[in-house]
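Results of the structural survey
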Amino acid sequence: MLFHFMKIIKGLVFVLVAVSGVDGYGQLITADPIFPVQTDSVIITYDATEGNQALMGYTGDVYAHTGVITSESSDGADWKHAPSWGDNSPKYKLERLANDLYQL
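Sequence order as written defines residue numbering, which begins from 1 separately in each chain. In keeping with the predicted nature of the model, local features appear solely for residues at pLDDT of at least 70, side-chain atom pairs appear and are counted solely at 80 or more, and the whole-chain, interface and lining totals rest on all residues. Side-chain numbers here rest on the full set of heavy atoms in the structure, without hydrogens or water.

A look at the nonpolar core
Here, nonpolar core refers to any group of buried Ala, Val, Leu, Ile, Met, Phe, Trp, Tyr and Cys residues whose side-chain atoms link them within 4.5 Å. The rule is simple: take the accessible area with a 1.4 Å probe, protein chains only, and divide by the maximum for that residue type; under 20% is buried, over 50% is exposed, in between is partly exposed. Listed in full, the eleven residues of the largest apolar core are Leu28, Ile29, Ala31, Ile44, Tyr46, Ala48, Leu55, Val62, Ala64, Leu94 and Tyr102. If you list the elements that add at least two residues to this core, you get β1 (29-32) and β2 (43-47). The helix and strand labels rest on DSSP assignments: H or I over at least four residues marks a helix, E over at least two residues marks a strand, and numbering proceeds from the N terminus.

So, in structure tokens, the structure goes:
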């Protein structure tokens with residue numbers, strides 16, 4: 001079961017990369033600031049009622065699997081600065097703001 005949810009979160013992070021430059025209502029994931037630079041702190045908000053709604057209504061803990069593609073990456077799947085799968089450290093846990101709304 002954990003593997004399934006971690007797979008969903010990996011997809012969530014992929015979507016984050018795709019939409020992080022988009023802001024507005026009805027977004028699965030939003031980032032603040034919209035265009036962060038290396039020295040910024042970023043707030044990520046995840047709305048489980050959007051997208052494929054795979055986690056809508058889920059009441060357990062939700063964790064983000066984050067990483068970046070850098071000039072040192074060998075391809076688009078070679079994430080750098082990413083935790084190991086299954087690393088449910090508190091720093092990766094999303095805070096539940098309301099039903100189906102989370103923040104990291």
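Observations concerning the pairing of strand β3 (residues 95-98)
Judged from the three bridges that link them, β3 and strand β4 (residues 101-103) form a sheet pairing that is antiparallel. Bridging from a neighbouring strand, Ala98 pairs with Leu101 of β4. What sits between β3 and β4 in their antiparallel hairpin is a turn of two residues, with Asp100 showing a positive phi close to 70°. DSSP calls a pair of strands paired once it identifies at least 2 bridges connecting them.

Examining the sheet that holds β1
Sheet strands line up and pair through hydrogen bonds in the backbone, either parallel or antiparallel. Taken in spatial order, the four strands line up as β1-β2-β4-β3 in an open sheet, and their pairing is antiparallel. Here the strands that pair on one side only, and so sit at the sheet edges, are β1 and β3. Pairs of neighbouring strands in the sheet enclose a mean axial angle of 25°, with direction left out of account. Of the strand pairs in this sheet, β1 and β2 are connected by four bridges, and their pairing is antiparallel. Directly across from Asp32, in β2, lies its bridge partner Ile43. Here the axes come from fitting lines to C-alpha atoms, over the contacting stretch only for helices, and the angles between their N-to-C directions go from 0 to 180 degrees.

So, the environment of Ile44
Among the secondary structure elements, Ile44 is positioned in strand β2. The sequence separation of Ile44 and Leu94 amounts to 50 residues, and the corresponding C-alpha distance is 9.1 Å.

With respect to the environment of Ala48
Within the secondary structure, Ala48 sits in the loop between β2 and β3. According to the relative accessible area criterion, Ala48 is buried, its value standing at 0%. Expressed as a C-alpha distance, the spacing of Ala48 and Tyr102, which sit 54 residues apart in the sequence, is 8.0 Å. Contacts between residues were defined by any pair of non-hydrogen atoms, one from each residue, lying within 4.5 Å. For Ala48, the contacting residues outside a window of four places in its chain are Gln53, Leu55, Met56, Asp100 and Tyr102.

Here's the deal with the pattern of salt bridges
What counts as a salt bridge is simple: a side-chain nitrogen of Lys or Arg found within 4 Å of a carboxyl oxygen of Asp or Glu. Inspection of the entire model under this criterion finds two salt bridges. For Asp61, the salt bridge identified is with Lys93, shortest N-O distance 3.3 Å. Of this pair, Asp61 sits in the loop between β2 and β3 while Lys93 sits in the loop between β2 and β3; the two residues are 32 residues apart in sequence, bridging distant segments of the chain. Among the residues examined, Lys93 registers a relative accessible area of 37% and is labelled partly exposed. Across the salt bridge formed by Lys80 and Asp78, the nearest N and O atoms sit 3.2 Å from each other. By relative accessible area, which is 24% here, Lys80 ends up partly exposed.

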